[in-house]
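As a plain string of letters, each chain reads:
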Amino acid sequence: MKVAILSGSVYGTAEEVARHAQNLLKEAGFETFYNARASLADIQAFGPQAFLAVTSTTGMGELPDNLQPLYSTIRDQLPAAWRGLPGAVIALGDASYGDTFCGGGEQIRELFAELGVREVQDMLRIDASESVTPETDSEPWLAELIAALKG
């Protein structure tokens, strides 16, 4: 199965989590595509059969600047070929921000819903005020995702 990984990061933490997820997916036998600056054309050329999005949250619950252009393009075009594909989201945020905690991840979940991407696992929320090792903290969730994608 071919898994496309999308990421949005302010300080690089989400990119580190995305790279770690990519390594675990590859070890599990998946073909992966990950490029933090990917365009919609890059992703479509890969021909994804599943999606993983890893994003931090910035400002008042928004997506990071580096993910905004891709998000907007996908939202404008809503690729029909992605309907029904499995997907999941890892959201990074800081719970001290209250209502906007992991807002970037929520935006990606909404986009996946608009696309018809099936959420195969509940969004993982990683709280920066509690986690100093988000890559490691994501491993049990990623193991469940791998099992869901293989199932």
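Residues numbered from 1 in each chain as written. Predicted model: local features only at pLDDT ≥ 70, side-chain atom pairs only at ≥ 80, totals over all residues. Heavy atoms only, no water.

Before going further, it helps to spend a moment on the layout of surface pockets. Each pocket or cavity is described by its volume, and for the largest pocket that value is around 400 Å³. Around the largest pocket sit 22 residues that line it, and Ser56, Thr57, Gly93, Asp94 and Ala128 are the ones nearest its centre. Elements with a contribution of two residues or more to the lining of the largest pocket: helix H1 (13-27) and strand S4 (86-93). Its residues placed into classes, the lining of the largest pocket shows 10 nonpolar, 11 polar and one charged. (1 Å grid on protein atoms, 1.4 Å probe; cavity = no way out; pocket = protein on both sides within 12 Å on 5 of 7 lines; lining within 4 Å. Points joined across faces, edges and corners; volume = space filled by probe spheres on them. Helix = DSSP H or I, 4+ residues; strand = E, 2+ residues; numbered from the N terminus. Nonpolar A, V, L, I, M, F, W, Y, C, P; charged D, E, K, R; others polar.)

A word on the environment of Ala148. Locating Ala148 in the fold gives a position in helix H6 (residues 139-150). Separated by 27 residues in sequence, Ala148 and Gln121 have C-alpha atoms that sit 7.8 Å apart.

Turning next to H6. Because an α-helix completes one turn every 3.6 residues, residues spaced three or four positions apart along the sequence face the same direction. Here H6 is 12 residues long and its end C-alpha atoms lie 16 Å apart, about the 16 Å a rise of 1.5 Å per residue gives. Regarding H6, the residues found buried are Trp141, Leu142, Leu145, Ile146 and Leu149. For H6, the buried positions fall inside an angular range of 140 degrees around the axis, keeping them on one side. Those residues of H6 that are exposed and aimed more than 90 degrees away from the buried face are Pro140, Glu144 and Lys150. Buried residues belonging to H6 abut strand S1 (2-8), H1, strand S3 (50-55), S4 and strand S6 (124-127). (Expected span 1.5 Å × (residues − 1). Buried < 20%, exposed > 50% of the residue type's maximum accessible area, 1.4 Å probe, protein only. Arc of directions from axis to C-beta. Contact = heavy atoms within 4.5 Å.)

The next subject is the nonpolar core. By size, the foremost hydrophobic cluster in this structure holds 25 residues, and its most contacted members are Ile43, Phe51, Trp82, Ile108 and Phe112. If you list the elements that add at least two residues to this core, you get S1, helix H2 (40-46), S3, helix H3 (68-77), S4 and helix H4 (103-115). Per element, the largest residue contribution to this core is four residues, and it comes from H4. For Ile108, the contacting residues outside a window of four places in its chain are Ala53, Thr55, Leu63, Leu67, Tyr71 and Val89. (Core = buried A, V, L, I, M, F, W, Y, C linked by side-chain atoms within 4.5 Å.)

What follows covers the UniProt feature "domain: Flavodoxin-like" (unreviewed entry) in the protein. The UniProt record annotates "domain: Flavodoxin-like" (unreviewed entry) at residues 3-146. Across residues 3-146 one finds 40% helix and 21% strand; the C-alpha atoms that close the span lie 11 Å apart. (UniProt positions renumbered as here; feature names shortened; annotations may be inferred.)

Within the secondary structure, Gln22 sits in helix H1. For Gln22, a relative accessible area of 13% puts it in the buried group. Within the structure, the side chain of Gln22 is placed 3.1 Å from the side chain of Thr32, a separation counted as a polar contact. In contact with Gln22, not counting residues within four places along its chain, are Ile5, Thr32, Phe33 and Tyr34. (Polar contact = N/O pair within 3.5 Å; in protein donor to acceptor, adjacent residues only side chain to side chain.)

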